[in-house]
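# Structural characterization, general
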Amino acid sequence: MAHLSVNVNKIATLRNSRGGNIPDLLQISGMILDSGADGITIHPREDERHITKEDVFALSDFLKNYNHTKKTNKEFNIEGEPSQRFLDIVLAVKPNQVTLVPVTPGEITSDHGFALKDPSVRSSLEPIIQKIKAENMRVSLFMETDMSSYSIAKEIGADRIELYTGPFAHVYDESEELGKKIFLDFIHAAEAASKLGLGVNAGHDLDTNNLKVFSKLPHLMEVSIGHRLVSQSLVDGIEKTIKQYLKILSPNV
């Protein structure tokens, strides 16, 4: 069974849009873990539009205390660009897993994997990976289904790849049949990665509909899901919340 790491960026986005501490990032993270999730994922971007540097350290302390108190082993996965800024953060916090992601200035969300065949990309990644691994953190690289570059990922020290599942999810939204055809590309990619000794993670726009297919991916170790999971939580919880408000407003209370 693949592990579920929940990305809480969107919780921080909602909080930041109003200021203050509602919703409480730590409270929601605790509820997520109490519900059975295997870990928490964050992506502290340079502009701090959702997760702030302060959040990173607060969540790290929270998870350590949670695991100690409840005698669990929930993981902390931090995503980010291969930069000195990001490296300084992960070396200070030392999460279980560091997922390196190519970041384009101005992007709304991550939308492509690393082009490892580009020598400049490889040369920029390798020393950062080695510094992270020297501190006993697992390294995953955000990748697409181009299997020809996986051997490079292995050579420069990655432990896992995280398959970018956006293309699969978007096609699946339009047609389950076409989505299943594209899923074959991910099967081949996962098989190729596994043969090289790379673990396989996946993430981006996965949900309870397309996971009925994607959860069958061979060698799948972990999925990281945020936007759609939080969005579905709003749908599933809105009726209960409205009824609570109406009960309080009722003159019969």
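Before reading on, note that the structure itself is shown above.
Residues numbered from 1 in each chain as written. Predicted model: local features only at pLDDT ≥ 70, side-chain atom pairs only at ≥ 80, totals over all residues. Heavy atoms only, no water.

## Thoughts on the pairing of strand β5 (residues 138-143)
With six of its six residues buried, β5 lies for the most part within the structure. Bridge analysis of strand β4 (residues 97-100) against β5 gives four bridges, and the strand direction is parallel. Note on β5: the bridge partner recorded for Thr99 is Ser140. Bridging between β5 and strand β6 (residues 160-164) involves four bridges; their strand directions are parallel. Looking at β6, one finds that Ser140 is bridged to Arg160. Each parallel crossover has a hand, and the one from β5 via helix α6 (residues 150-155) to β6 is right-handed. (Buried < 20%, exposed > 50% of the residue type's maximum accessible area, 1.4 Å probe, protein only. Helix = DSSP H or I, 4+ residues; strand = E, 2+ residues; numbered from the N terminus. Pairing = 2+ DSSP bridges. Right-handed = clockwise from strand over helix to strand, strands pointing away.)

## Topic: the pattern of salt bridges
In this structure the tally under the stated criterion is 13 salt bridges. For Asp159, the salt bridge identified is with Lys133, shortest N-O distance 3.2 Å. Of this pair, Asp159 sits in the loop between α6 and β6 while Lys133 sits in helix α5 (residues 119-133), and the two are 26 residues apart along the sequence. Accessibility expressed as a relative area gives 24% for Asp159, which makes it partly exposed. We note a salt bridge from Glu239 to Lys243, for which the minimum N-O separation is 3.0 Å. Residue Glu239 and its partner Lys243 are both found in helix α10 (residues 227-249); the two are separated by four residues, about one turn of the helix. Per residue, the accessibility class of Glu239 equals that of Lys243, and both read exposed. (Salt bridge = Lys/Arg side-chain N within 4 Å of Asp/Glu carboxyl O.)

## Quick look at helix α8 (residues 176-195)
Between its first and last C-alpha, α8 extends 29 Å over 20 residues, near the 28 Å set by a 1.5 Å rise per residue. Among the residues of α8, Gly179, Phe183, Phe186, Ala189, Ala190, Ala192 and Ala193 are the ones counted as buried. Against α6, β6, α7 (166-174), β7 (199-203) and α9 (211-214) lie the buried residues of α8. The first or second residue beyond α8 is Gly197, which carries a positive phi of 90°. (Expected span 1.5 Å × (residues − 1). Contact = heavy atoms within 4.5 Å.)

## A look at the sheet that holds β6
The strand order β1-β2-β3-β4-β5-β6-β7-β8 describes a closed barrel built from eight strands, whose pairing is parallel. Between one strand and the next, the sheet's axes are offset by a mean angle of 25°, whatever the strand orientation. With five bridges joining them, β6 and β7 adopt parallel strand pairing. Considered in β7, the bridge of Leu163 is made with Ala202. (Axes fitted to C-alpha atoms, helices over the stretch in contact; angles between N-to-C directions.)

## Topic: the environment of Leu100
For Leu100, the location among the structural elements is in strand β4. Expressed as a C-alpha distance, the spacing of Leu100 and Ser124, which sit 24 residues apart in the sequence, is 12 Å.

## Some thoughts on the packing of aromatic side chains
Evaluated as defined, the whole model comprises eight aromatic pairs. Centroid distance Phe186 to Phe214: 5.5 Å. Interplanar angle 75°. Geometry classified as edge-to-face. Placement of the pair is Phe186 in helix α8 and Phe214 in helix α9, with a sequence separation of 28 residues. For Phe186, a relative accessible area of 3% corresponds to the buried category. Judged by relative accessible area, Phe214 falls into the buried class, the value being 0%. (Phe/Tyr/Trp six-rings, centres within 6.5 Å; stacked < 30°, edge-to-face > 60°.)

## Regarding the packing of helix α4 (residues 84-93) against α5
Packed helix pairs are specified by the crossing angle of their axes together with the interaxial distance, meaning the distance between the axes. The interhelical angle for the contact between α4 and α5, taken along N-to-C directions, is 10°, at an axis separation of 10 Å. By the angle between their axes, α4 is roughly parallel relative to α5. Every residue of α5 that contacts α4 at Leu87, Val90 and Leu91 is listed here: Ile128, Lys131 and Ile132. Per-class residue counts for the contact of α4 with α5 are five nonpolar, no polar and one charged. (Parallel < 35°, antiparallel > 145°, perpendicular 65-115°, else oblique. Nonpolar A, V, L, I, M, F, W, Y, C, P; charged D, E, K, R; others polar.)

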